[in-house]
Structure formats: structure tokens, C-alpha cells
Amino acid sequence: MIKNEKLKQWVAELEAHMTPDRVHLCDGSQEEYERLLAMEVERGAAIELNPELRPGCYLFRSDPSDVARVENRTFIAAETEDEAGPTNNWIDPVELKQTMSELYRGCMKGRTMYIIPFCMGPLDSPHSRLGVEITDSAYVVTNMCIMTRVGTPVLEMINAGRPYVAALHSVGYPLEPGQEDLPWPCAPMEQKYISHFPETREIWSYGSGYGGNALLGKKCYALRIASVLGRDEGWLAEHMLILKLTSPEGEVFHICGAFPSACGKTNLAMIEPTLEGWTAETIGDDIAWIHLGEDGRLWAINPESGFFGVAPGTSYKSNYNAMKAVEYNTIFTNTALTDDGDIWWEGMGGPAPEHLLDWQGRDWTPDSGTKAAHPNARFTVRADQAPSIAPDWEAPQGVPIDAILVGGRRSDTIPLVYESLSWQHGIFMGAIMGSAITAAVISDQVGQVRRDPFAMLPFCGYHIGDYLRHWLQVAEQTSADKLPHLFSVNWFRQDEEGNFLWPGFGENSRVLKWIVERCRGLSGARKTAVGYVPGTEDIDLTGLDITADQLADLLTIDRDKWLAEVASIRHNFESYGPKLPAELWQELESLEQRLQAMA
Ligand code: SAT
Ligand code: MN
């Protein structure tokens, strides 16, 4: 029962304004989860998969217009445009609330209003934060139950007075009496709004039911709002995986990695090292909340409790742990359906079945010439279903970070790996990250490289210049020897014919080995214009079918390409305006000078 007066009042106001037929307070129980899924099956919004092949699994098909995050409909409604900064869409918060209040009026007619009390982070962690999402989508409720900790224990903390973020969501498709519902109701693009009010820590989302647009604990809270909390309170909310690596000698390392959406965070977080004696365990695959520990080191928690992973390309070969995790109790969205009631997607391994229903439910054969699964098809699964999950993944204080990786999809220029020359240079490396745009966002520029600082371009809830300053300031709070080492990695370099030069996946353990040995001062490197790059003898190639020449190609620094990179970075830095820290401009000048001095 809701006893918190503020919450009670909010719920009452919303009920009066959005006029749902029913109100349901979620208790987060297994029984509730199953009941909601059965209801979705009953009304034709979900398909229960063959329980002999995939027990406890369901397939949802979204509206073809509602398949990914909508960045151009995502808003940071800070009090002033300058606070949102040049990389965010800004609308005056008063105006935006007026517009959205009109859309919300009567929007839950014919529907149930669900109240989801949720916690980001382990219930007993001092770094966890609470939220309440109100939604009219049962799909959102069931996904939130996997991705966050939902239910009565959270409500009790809210009743006891702990603060929470208010997150409002509607699919934006009210039902008139007698009107039949759609399997995946949503609103047209120009009515979609994914809005954040950083000063009041509120989220208002309207019109989309998909992923980060609708599961508001994820990008909206744990990144956009939390980045503002972190700025104000001295911590960091980052778009990073968290990986635990153990050497053959039993030494444990923790690595965070910032990569844009659909660039392999989940695969790296669940890596199976091909190098003898090394083991990897998963702490998180998408978001890290990073705090300075009493020991002066940076510690990370995973605020989520599940994985919302990209399905296409996931196979027992590329990501064994993810495939094991999704063998049961998983929600699939926009994958294909086999004739025997199982799911299928491109890159699952083996030949394509002779007949499928594609992600839109249409007949499909290998001759169809279209993709059977949507490129941004997803699985939603509890984190503890991954065999690779670390036993201490829910440690209340988190894990101490040894290294931070930054990287994106770059077919050229950026070497396989290099280490920063200093903390400040490492923040510069994060600031200049570039990556080809993927299907995780609805965009007509998929495939084009864009700058994406620390993979936070779509997720930073305030001015990007202030954000980069905040990263620089971390170093002022502790001593240099306590800070993680910073590395840039690029698994996606290609030759002239477009073939990937590096095998990736489990073989990335060879790069990870070099990285953690660098942290201990054990492995070699040569100092180049861009940073410390391993020599070909520094990367362990035992058992790998790749020549030293090929590795040398992967590690080359091409002066002309890098000078072109500098020009593109300068252009990008200019667009950030005067708030970009002068230190980062200095790093750019120094980089250019070092490149010019190259033979
Ligand atoms: O934002 S989503 O959760 O839909 C996926 C992503 O872009 O990382
Ligand atoms: Mn992500």
C-alpha cells in the first residue's frame, strides 16, 4: 500500500488526468509477472514460445515504426538551453510540460495504469537509487521486472521517506469504448516525447513502447538523470560494461568499458577468454555508477538487474553466455519465429531455416531478401541467468576499477589498442571517441561515424563540456596511482576489402591481457604520437592464426589519417562551445604537434 503522501498525491493527480480504467500497484512477484504475460498472450500482443525448446519465453513484435530509441524526440528540459548544452535537444520545461500534459490528458482511457516501484542498484547498496514508473504498458512492466528490482521492498523504502525519481510513461494510444487495442500501441513520431527534467529529477515519456524510450530505469534514469545527480554529488553515471578478469596466477582485475549502443558491450562483458588460464566474469553490460571509495580508488556498481541485449549476431560462438542465459525465462522483441515455436535471428549460427515468420509476422524464406529479425531485435533476461555472472556482482560497494576502456566501431585510423599518456590525456581519448551509428537508434545516418564522447552523446543529461570537466575533476579528488589506467580499443578495423583485421570476441582476451599487465607495469609498449601502443611482441598471439605483419597493421598509426582525425575533432570541439575544458583543447594541440613531428 502507498503511504508516502507525495506519491499518493501524484498517483491521484495522474489518475484524474489520464483517466485509466484500472490502477494496479506492482508487487514485483513472479505470479504477477506471469499473469501479465499470460494476459499479453491472451490479447495477441505476445506469443508464448515452445516450452520444450524455450521454457518461460515470450516473443513480442513491435509496431514497425517503433523499433529503437528516438534521439531526435529525446529532450533535456533543463531550466536554460545552456545547461542542456549543444548535444541535447532542449525545450523550455514549462512549455514542454504544457504540451505533454495535453497529450497525457485521457491517454490511459480503456487501459490499466501500472505503478512500478523500482530500485536501481542492489537493494542494500548505499549507491542505489529509487524510482517509480507509471505506465500503461504491461510489456514495460514485465521488462522492468527483469531490468530493475521491482516491488514491495522498494515501496516500503519509499513509504519510509527515501527519495525517488518520478518517471511517467504512456504508449499514447487511448481506447474509446468498444475500440479494439493494437498488439503494440504507440503514437506517431511527431507525438513521441522522451523528456527529462533534470532540476526536478522527473522523466516524462510519451508515445513509444520500445527499449530505452519506455523502460525508464535504464537510459532515462540510470544515465540521463543519474549523470546530473553525479555531477551535483561528485560521482559518475556511465554507459559502461563492468568485467571481472582473473589471471592464471589468480590476480583479479576489474575493467569498465564505454562503447556506444550495439558495439559489443554485452559480448565483452560475457567474454570467454581464449587464452589459457584466464577467466572472465560479468558484473554489468551497459551501465556503471562509479563512486570514489574510501581507499581513493574508483568503485563501480551495475544499477541494473538484467540485460537488454541486441539479439542479431549473438551465437553460441560469439557469446556463449548470452545464449545460455536466453535458453529460458526470456522476453524477445522483434526476433523471427521458427515453425516449431522458437526464435531465430541473423548471425545465430548454422543455416537459416527454410521458413520463418519474420519480426513483423510475415512469411519469410532465405530467398526473401530481407532480414528475418530486426537489426535492433532484443532479448530481455535476468543478469543472474548468465553463467558468467560474477558471484559478487551485487556487492553493495561495487568493485574497484583497474582500467577503463573507450572505443567504437572504426574501420580505419584507430589502432586495436593504445594506452593514454596521462589521466588528462585519457579523458581526451574518451572525449574524441567516434563510432559508426548502429541500428540501436532510429536514424537515416546508420553507418556514418559520429563523435560520441564516452559513448554518452545520447545519454548525458547536461552540457557535454561540463560533463568532460567533471571527468577531469575526478583526478583532483584522489592520487594518480589510485586512478584506473585508460585505454582506447577498436575491434572493428578493416582492410581495403572490408574484411575485419581482428577476430574479436574471445580473442579480445589477448588485448585484455596486455591491458591488465600494463596496469601492473608488466607489459611493454612504444610511445607514439597518440599514446602507448603495444609492439607486436607485446600481444600474446599463442594459438592464434594471425601473423605479426597483420598485427602490425592493426597497430599502425597513420600520420595523415590521424591529422585528418585531428581536423575532424577540432570541428567537433568547436561545436561544443566555450564550456569545453581548455585542457582538452591543449591535448588536441599537443596531439597535432606530436603527429607533425612524426617521421
Ligand atoms: O536504449 S536502449 O535501451 O533501447 C538500447 C541502447 O541503445 O543501448
Ligand atoms: Mn546501452
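It should be noted that the structure appears before, not after, this text.
Values in this document were obtained by computation on a predicted structure and should not be read as measured data. (Residues numbered from 1 in each chain as written. Chains lettered and ligands numbered in written order. Predicted model: local features only at pLDDT ≥ 70, side-chain atom pairs only at ≥ 80, totals over all residues. Heavy atoms only, no water.)

Trainee: Explain the pairing of strand β9 (residues 193-197) to me, please; I cannot follow it from the model alone.
Mentor: Successive residues of a regular strand alternate their side chains across the two faces of the sheet. Here β9 lies mainly inside the structure; 5 of its 5 residues are buried. By the bridge criterion, 3 bridges tie strand β4 (residues 74-76) to β9 in an arrangement that is parallel. Considered in β9, the bridge of F75 is made with S195. As paired strands, β9 and strand β10 (residues 202-206) are joined by 5 bridges and run antiparallel to one another. Residue pairing in the sheet places F197 in a bridge with E202 of β10. From the end of β9 to the start of β10, which pair antiparallel, there are 4 residues, and R201 there has a positive phi angle of about 50 degrees. (Buried < 20%, exposed > 50% of the residue type's maximum accessible area, 1.4 Å probe, protein only. Helix = DSSP H or I, 4+ residues; strand = E, 2+ residues; numbered from the N terminus. Pairing = 2+ DSSP bridges.)

Trainee: What exactly am I supposed to notice about the pattern of salt bridges here?
Mentor: According to the stated counting rule, one finds 38 salt bridges in the structure shown. In this structure, the salt-bridge partner of E419 is R518, at a minimum N-O distance of 2.6 Å. Of this pair, E419 sits in strand β26 (residues 417-419) while R518 sits in helix α13 (residues 508-519); the two residues are 99 residues apart in sequence, bridging distant segments of the chain. Residues E419 and R518 agree in their burial class; the two are buried. (Salt bridge = Lys/Arg side-chain N within 4 Å of Asp/Glu carboxyl O.)

Trainee: Whenever I open this one, the state of the cysteines confuses me. Can you help?
Mentor: Formally, a disulfide is one covalent bond, and it connects the sulfur atom of one cysteine to the sulfur atom of another. For the coordinates displayed, the defined rule picks out 0 disulfides. There is no disulfide at C57, and the cysteine sulfur nearest it, in C145, is 16 Å away. Residue classification places C57 among the buried positions, given a relative accessible area of 1%. (Disulfide = S-S within 2.5 Å.)

Trainee: Explanation requested: the sheet that holds strand β22 (residues 363-364) in the structure shown.
Mentor: Pairing between the strands of a sheet comes from backbone hydrogen bonds, and it takes one of two forms, parallel or antiparallel. The strand order β20-β19-β21-β22 describes an open sheet built from 4 strands, whose pairing is antiparallel. Looking at the sheet topology across the chains shown, the edges are occupied by β20 (343-344) and β22. Inspection of the sheet shows strand β21 (residues 356-357) paired to β22 by 2 bridges, in the antiparallel sense. The residue bridging L356 from the neighbouring strand is W364, located in β22.

Trainee: Sorry, what's going on with the coordination of the manganese ion (ligand 2) here?
Mentor: In an ideal tetrahedron of four donors about a metal, each angle is 109.5 degrees. In an ideal octahedron of six donors, the angles are 90 or 180 degrees. The protein atoms donating to the manganese ion (ligand 2) are K219 (NZ), H239 (NE2) and D286 (OD), with metal-donor distances spanning 2.0 to 2.2 Å. Site description for the manganese ion (ligand 2): donor spacing in sequence, K-x19-H-x46-D. Taken as a pair, H239 in the loop between β11 (236-238) and β12 (240-246) and D286 in the loop between β14 (279-284) and β15 (288-292) lie far apart in primary sequence, 47 residues in all. The same class applies to H239 and to D286, which are both buried. (Donors = N, O, S within 2.8 Å, 3.2 Å for Na, K, Ca; no water.)

Honestly, that's just the spatial picture; any functional story needs more than this.
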